[in-house]
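# Chains, contacts and geometry: an overview
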Amino acid sequence: MPGGFVWGVATAAYQIEGSHNVDGRGESIWDRFSHTAGNTYQGQTGDVACDSYVRWPDDIALMRKLNVGGYRFSIAWPRVFPNGSGDLNHKGLDYYDKLVDGLLEVGITPFPTLYHWDLPQALEDTGGWINRDTAYRFADYAAVVADRLGDRVHDWWTINEPWCVAELGYRSGTHAPGRQEPREWFAAAHDVLLAHGLGMEAVRAAAPASKVGIVINVDAVMPRSVHAADQAAAAMFELQRNHWYLDPVLKGEYPQAAVDEYGWGQAEVEPGDMETIAAPMDHFGLNYYSRSVIRDESIDDRERPQPLIETDLPRTTMGWEVYPDGLSDLLIKYDREFDLPPIYVAENGVAFADELVGGAVHDEDRCAYLESHFAAAATAVEGGVDLRGFFVWSLLDNFEWQHGYTQRFGLAWTDYETQHRIIKDSGHWFSSFVGGKRPM
Ligand code: FCB
């Protein structure tokens, strides 16, 4: 990898911090959602999670052992503005101030994300992301955080995964706030992209030396067969899954074929919005985990011509296919299609059925997953992609949203009884890999 390449790890505030009601933190949509029956696995919540609000020095010590060069964490908006706007909670900002100083002291570069899904509940009560005003409140919050940390933090992410915010939060309702809005969800998609653009302006105004961009999650998309109906279904899926978010940010327009198909975006886009959303970024984050194989549901399998796509690839405990080629393919494809700024893989990693045996976790499957995805990233670099870093999801096992604590993505095992962090074999492997020893 090129000189200065950052090997890092990623987490998010609600998934690790706990301390949900201390030091003036306000309620977030994830508090409300996880405390409402039926929304998460066995009603599990992030109330305690990995206790990182208290144990952040342990996390930093762990990162040192893992040879981590960069830490992508997120800032909890409701710690900073308990009601989303209005009164500032200095204690909330103090926490991130300490964390940043602690990272810098040991030479780990902070890469904070300003929004990783924990919207203040007070803003959801006035419409959440379906209310355009939320984007402006986000910019106010971003300005305050950048003003406080921008003398030491130079690498920022505005929004994590707008697809998840809009699609899972406001269409399928599997994520907080759990709304199912077959049409209005588009406003959430647009408003969260607008928040990115306005947030970028706010960060730059407060901390001019900043580098800032968005993180978008994409799937490798393939048709189930060469049948024209499957191909058309896959093409449309790729537009709504990936390009609905990539194109506005990187080209300043929603994909026209999807606009025509679904009629989205007629009312919500105001003059000037697309220019704000598409303002050039300093860097761009791509999250990649898996592939989606798409079929036209109206076609009977017997009508599907060969060749069918191979679908018995290994799967993770999330049910996601392990498909490393998708990462190199997409990086190279986007590099050709868009005028990309420097790019980071801002998340990639895997949940498998880990077991703690005799104080160790022998997760060879995770080592293999990471090795194959690191190799895919190297292929993209050889193909000319200006990739600057790779962040593994995640530093440690944590609260995996609606799945609660059932999905273990960590390089370290979290013992939720004792809050001990135990480095898995994959963590040792990562540490040696980054340290230049290149095992396996
Ligand atoms: C991503 C999220 C992250 C985590 C991983 C597994 O979509 O950004 O918080 O849930 O998936």
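Look up: the structure comes first, before these words.
Residues numbered from 1 in each chain as written. Predicted model: local features only at pLDDT ≥ 70, side-chain atom pairs only at ≥ 80, totals over all residues. Heavy atoms only, no water.

### Things to note about the overall build of the chain
When its secondary structure is counted, the chain shows 15 helices and 11 strands. In terms of principal-axis extent, the alpha carbons of the chain reach across some 60 × 55 × 45 Å. Put simply, 77% of the contacts in the chain that link residues at least 6 apart link residues at least 24 apart. Summed over its atoms, the accessible surface of the chain is roughly 16400 Å², and 49% of this surface lies on carbon and sulfur atoms. Put simply, the chain has 35 plus and 66 minus side-chain charges, and the middle of one group is 3 Å from the middle of the other. (Helix = DSSP H or I, 4+ residues; strand = E, 2+ residues; numbered from the N terminus. Contact = heavy atoms within 4.5 Å. Areas by Shrake-Rupley, 256 points an atom, 1.4 Å probe, with all protein chains shown as cover. Lys, Arg positive; Asp, Glu negative; His and termini not counted. Charge placed at Lys NZ, Arg CZ, Asp CG, Glu CD.)

### Concerning the packing of helix α10 (residues 228-251) against helix α13 (residues 325-337)
Packed helix pairs are specified by the crossing angle of their axes together with the interaxial distance, meaning the distance between the axes. Packing of α10 against α13 leaves a shortest axis separation of 12 Å and a crossing angle of 45 degrees. Between α10 and α13, the interaxial angle falls into the category oblique. In terms of crossing hand, the pair formed by α10 and α13 is right-handed. Contacts from Glu238, Asn242, His243, Leu246 and Lys251 of α10 reach α13 at Lys333, Tyr334 and Glu337. Partitioned by chemical class, the residues of the contact of α10 with α13 number two nonpolar, two polar and four charged. (Axes fitted to C-alpha atoms, helices over the stretch in contact; angles between N-to-C directions. Parallel < 35°, antiparallel > 145°, perpendicular 65-115°, else oblique. Left-handed = near helix turned anticlockwise from the far one by under 90°. Nonpolar A, V, L, I, M, F, W, Y, C, P; charged D, E, K, R; others polar.)

### Describing helix α8 (residues 162-171)
In an α-helix, one full turn covers 3.6 residues, which means residues spaced three or four apart are oriented alike. Most of α8 sits inside the fold, with nine of its 10 residues counted as buried. Three or more residues of α8 are buried, namely Pro162, Trp163, Cys164, Val165, Ala166, Glu167, Leu168, Gly169 and Tyr170. Along its buried surface, α8 packs onto β4 (113-115), α6 (121-124), β5 (155-160), α9 (185-206), β6 (211-223) and α10. (Buried < 20%, exposed > 50% of the residue type's maximum accessible area, 1.4 Å probe, protein only.)

### Structural notes on the pattern of salt bridges
Counting across every chain of the model gives 31 salt bridges. With a closest N to O distance of 3.1 Å, Arg171 and Glu167 form a salt bridge. Linking Arg171 with Glu167, this pair stays in helix α8, spanning four residues, or about one helical turn. By relative accessible area, which is 23% here, Arg171 ends up partly exposed. When its relative accessible area of 14% is taken as the criterion, Glu167 is described as buried. Three or more residues joined by partner-sharing salt bridges are found here, namely Asp94, Asp97, Asp101, Arg148, Asp151 and Arg152. (Salt bridge = Lys/Arg side-chain N within 4 Å of Asp/Glu carboxyl O.)

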